[in-house]
Amino acid sequence: LPPRHMDSVVQIVEALELSDRGFTVTVPELARALGACSTPGCRVVLGDPPDVPPAPSTLSDQQWLLFTQLLRHDPAAPERGTVLAPDGSTVALGPLLAGVEVGLKRVSGSPIPTLEPPIDALYAVTITEALGMSFLSARGGNSGRATLGPGGCWDDVDDPQNYTLLGPPSPIPDAVANGAMDGVLLGAQLARAPIPLADLLRGYYGTGNGTEKGRPPSSYRRRDFGVLTEPGKLEEEVVAMLRVLRVLPPTQELLEDVGPEEVVAIARRAARDFMEVYVDCPAIVPRCMWGARPYRGAPRWLTLPLGSVYIHHTFIPSVPCRSFAACARAMRSMQRFHQDTRGWDDIGYSFVVGSDGYLYQGRGWHWVGAHTKGYNSKGFGVGYVGDFSTILPDPDAIALVRDELLPCAVKTGRLHRNYTLRGHRQMGHTDCPGNSLFHEIETWHGFK
């Protein structure tokens, strides 16, 4: 089959939009016919799905088979309906195309049912039903976090065919969260002005540009979703969705013993946790996605929370990486150098900062690193890809650590609230992290 990559999806969508006149459904309607958006809430908003039309002549048998597989809804394995985007993120097509359909209906003036209580259809078909039902089923448990995540990894990022989750599945793994946020953003964009879907997807995900031409809009999804969606808005929509589900026969029984106050409490927790995990905290590319070698030996475990953060620059590679492909290459290069030349067990940094909008997992939150001699067990080592002796990282890359990673680490209990931030040069004989970056971090919270 074609690779499960967004490029393949864009090619299929383009072929469908060029289909002969006998093909009467839109691409999002076809997605519902094939099984996407088949939950009770989604059906009450968008209606019953149309019949599956014959495969259009503009698609190959392999393209049609891939599309049908990606849209077949499987509640037990939501990760099967996912594709790899050029920015290195994984996106579930179901909520993405459901949001697109709502946007198309709004811009064309097509009716969307008025429900009681009123709900925002764009959020209902993308995230609020899944979020509300996920936290509803987990109520009484120890942690709402079990209702979100995990991420996962592809077998081959150049020819992705199989995506494997990195932990027990929830109703909202990271790929579904990404697809939902993208569905809200693209649905809202379409509602303002119509554009062919293939063009919309190509522009948003940066497909077909070799992933080397700078950041695509999809890499800003967390920021843009946060701008569009205040936590109060998300909470209100989850409350409204649960009240709608209370009267729908398939879900009525699940909610019959849940009082109004508990509905509000569930929605508040769901909205808070979703925004914390997917908006307030930055995305971190796992080791298996950038092609990490195994750790040599047995890692030593950190005792969290830690009290310090040490900022580095890589110096070599000296050029900032601005795409998933370039940053993954930089990570592999640094790991080879650290293991083969330095003789370390693994890449030394806890996290590495790309200029593509993403953090890359090195030793991560839990393993002692090899970044700041004498202090590796006392703090996290965060390295910027590039030589920042005379220039600064991009403003987005600065904000990724200063405004996202560090507050997230405090909020999630991995870093003390009164942490100390230092440059590598303060802890040893080195110019790292370069004069320009060092003078920048002197202005950050926690710098000593």
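Quantities reported herein were computed from a predicted structural model and do not represent experimental measurements. (Residues numbered from 1 in each chain as written. Predicted model: local features only at pLDDT ≥ 70, side-chain atom pairs only at ≥ 80, totals over all residues. Heavy atoms only, no water.)

1. Quick look at the overall build of the protein chain
What counts here: Under the scheme used here, helices are H or I runs from DSSP no shorter than 4 residues and strands are E runs no shorter than 2 residues, and both carry numbers assigned from the N terminus. When we talk radius of gyration, it's over C-alpha atoms, and the globule rule is simply 2.2 Å times the number of residues to the 0.38. Relative accessibility under 20% of the residue-type maximum defines a buried residue, over 50% an exposed one, and the middle range a partly exposed one, all with a 1.4 Å probe and only protein chains included. Any two residues whose heavy atoms approach within 4.5 Å at even a single point are treated as in contact. Residue-level accessible areas treat just the shown protein chains as cover; the underlying method is Shrake-Rupley with a 1.4 Å probe.
Helix and strand content of the protein chain: 16 helices and 10 strands. Against the compact-globule benchmark of 22 Å for 448 residues, the protein chain has a radius of gyration of 23 Å, which places it among compact chains. For the protein chain, the spread of C-alpha atoms along the principal axes amounts to about 70 × 50 × 40 Å. Across the 448 residues that make up the protein chain, the buried fraction comes to 55%. For the protein chain, long-range pairs separated by at least 24 residues make up 73% of all intrachain contacts whose partners lie at least 6 apart in sequence. Carbon and sulfur atoms make up 52% of the accessible area of the protein chain, which amounts to about 19200 Å² in all.

2. So, the packing of helix α10 (residues 231-245) against helix α12 (residues 260-280)
Inclusion rule: Between the N-to-C directions of two axes lies an angle of 0 to 180 degrees, each axis being a line fitted to C-alpha atoms and, for a helix, fitted only over the stretch in contact. In this scheme, roughly parallel covers angles under 35 degrees and roughly antiparallel covers those over 145, while 65 to 115 is roughly perpendicular and the rest are oblique. Crossings are assigned a handedness: left-handed for a near helix turned anticlockwise from the far helix by less than a right angle, right-handed for a clockwise turn. When residues are sorted by character, Ala, Val, Leu, Ile, Met, Phe, Trp, Tyr, Cys and Pro go into the nonpolar class, Asp, Glu, Lys and Arg into the charged class, and all the rest, Gly among them, into the polar class.
Axis separation between α10 and α12 bottoms out at 8 Å; the angle between their running directions is 135°. Considering their axes alone, α10 and α12 lie oblique with respect to each other. The chirality of how α10 crosses α12 is right-handed. Residue-level inspection shows P231, L234, E235, V238, V239, L242 and R243 of α10 in contact with α12, the latter providing V263, V264, I266, A267, R268, A271, F274 and M275. When its residues are assigned to classes, the contact of α10 with α12 shows 12 nonpolar, no polar and three charged.

3. Structural notes on a negative patch on the surface
Applied cut-off: The patches described consist of residues with a relative accessible area above 30% and no salt bridge, like charges being joined within 9 Å and nonpolar side chains (Val, Leu, Ile, Met, Phe, Trp, Tyr) within 5 Å. A carboxyl oxygen of Asp or Glu within 4 Å of a side-chain nitrogen of Lys or Arg is what we treat as a salt bridge. His residues and chain termini do not enter the charge count, which takes Lys and Arg as positive and Asp and Glu as negative. Where a charge sits is defined by one atom per residue type, namely NZ (Lys), CZ (Arg), CG (Asp) or CD (Glu).
Together, D155, D156, D158 and D159 give the surface a local cluster of negative charge. Mapped onto the fold, D158 is located in the loop between β3 (152-154) and β4 (163-165).

4. Remarks on the pairing of strand β9 (residues 379-384)
Where we set the bar: By definition, two strands form a pair when at least two bridges between them are found by DSSP.
Among the six residues that make up β9, six are buried, leaving the element largely enclosed by the rest of the structure. Where strand β6 (residues 306-313) and β9 come together, six bridges link them in parallel fashion. Looking across to β9, one finds that I311 is bridged to V382. Judged from the three bridges that link them, strand β7 (residues 351-353) and β9 form a sheet pairing that is parallel. What sits directly across from F351, in β9, is V382.

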